[in-house]
Amino acid sequence: MFFDEIEKKSKNNPIIKIEITAEEISDYLINKCTDSQKRVNADSLLYITSVLAGISCVKSSMSDIRYSDAMERFEMPLLPVETEMGTFLVGDVINEYLANGKLSILNIFYSLYRNKQKDVVLPDIQKVVEKNSANMGKAKYRLWNDKHNPYAEKEKFSIIYDGVIKHIEPFNVDAKMMPSVFGFVLNEITGKVAGVFPENINCYEMVLETVVFNAHMAY
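Residues numbered from 1 in each chain as written. Predicted model: local features only at pLDDT ≥ 70, side-chain atom pairs only at ≥ 80, totals over all residues. Heavy atoms only, no water.

**Q** Can you help me understand the overall build of the chain in this one?
**A** Secondary structure summary: the chain contains 10 helices and 2 strands in total. Its helices and strands in sequence order give the chain the pattern α-α-α-α-β-β-α-α-α-α-α-α, from N to C terminus. Taking 17 Å as the expected radius of gyration for a compact globule of 219 residues, we find that the chain reaches 17 Å, a close match to that expectation. Restricting the contact set of the chain to residue pairs at least 6 apart, pairs at least 24 apart contribute 69%. Within the structure as shown, the chain displays about 11,600 Å² of accessible surface, and the carbon and sulfur contribution to it stands at 50%. For the chain, the separation between the mean place of its 25 positive charges and that of its 30 negative charges on side chains is 3 Å. (Helix = DSSP H or I, 4+ residues; strand = E, 2+ residues; numbered from the N terminus. Rg over C-alpha atoms; globule rule 2.2 N^0.38 Å. Contact = heavy atoms within 4.5 Å. Areas by Shrake-Rupley, 256 points an atom, 1.4 Å probe, with all protein chains shown as cover. Lys, Arg positive; Asp, Glu negative; His and termini not counted. Charge placed at Lys NZ, Arg CZ, Asp CG, Glu CD.)

Rendered as structure tokens:
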């Protein structure tokens, strides 16, 4: 009955389902990053959330190419870029899910976060995208203040993402809406843990860099 009620309420307002699903994912991730002493590993939680947000973007883009009219909507929908560290994906579909669309990950995240955290200056998205383009596929490139190797972690996070999707199956979320869901998740988790990072570490830049980089990896 709970899920039937969500379907009814979200029929004319899909944001309802998006928000409820995001709350479930946030609780799920927080639980996974909480130890037996009820301590949350804030660094790990925010990093995992950022990676999964990026994965949701590229997964939705690939689904859009397979099952919708993306090939007709865009001049350059999706283009594979071969690098020394594997295939990356660029194109208008990814741009739409990442930042350009009304319900894109970063559009939702920026809008929600700025409303609640008015004193926080969020990174310039264009500068983050340019940095990502310059480092895409470089073997020595690392994320999260040089702590994480995205190439070595790709398989692990692919499994984690699939686990999250399995967990929320009862919510019946369309694949194309997952970036929107993760925009809300990113806002929720960042709001909870950003304050614990040292002042000399800009966790917002780390978040954006991680989202954008993973949004272009061919998962």
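Next comes the rest of the write-up.
**Q** In this structure, what is going on with unusual backbone geometry? I would like to understand it.
**A** With the exception of glycine, most residues fall at negative phi, and the peptide bonds are largely trans. Its identity as a non-glycine residue notwithstanding, Lys38 has a phi of 65 degrees, on the positive side. The class for Lys38 is exposed, based on a relative accessible area of 71%. One non-glycine residue, Trp144, adopts positive backbone phi at about 60 degrees. (Buried < 20%, exposed > 50% of the residue type's maximum accessible area, 1.4 Å probe, protein only.)

**Q** Please clarify how the pattern of salt bridges should be interpreted in this entry.
**A** Pairing is possible between side chains of opposite charge, provided their charged atoms come close. Applying the stated criterion to the full structure yields 8 salt bridges. Note that Asp64 is salt-bridged to Arg73, the shortest N-O span being 3.2 Å. Residue Asp64 is classed as buried on the basis of its relative accessible area of 1%. Classification of Arg73 by relative accessible area gives partly exposed; the value is 35%. Two residues, Lys131 and Glu209, come together in a salt bridge whose shortest N-O distance is 3.5 Å. With Lys131 in helix H7 (residues 125-135) and Glu209 in helix H10 (residues 203-214), this residue pair connects regions lying 78 residues apart in the sequence. Residue class for Glu209 comes out buried when judged on its relative accessible area of 13%. (Salt bridge = Lys/Arg side-chain N within 4 Å of Asp/Glu carboxyl O.)

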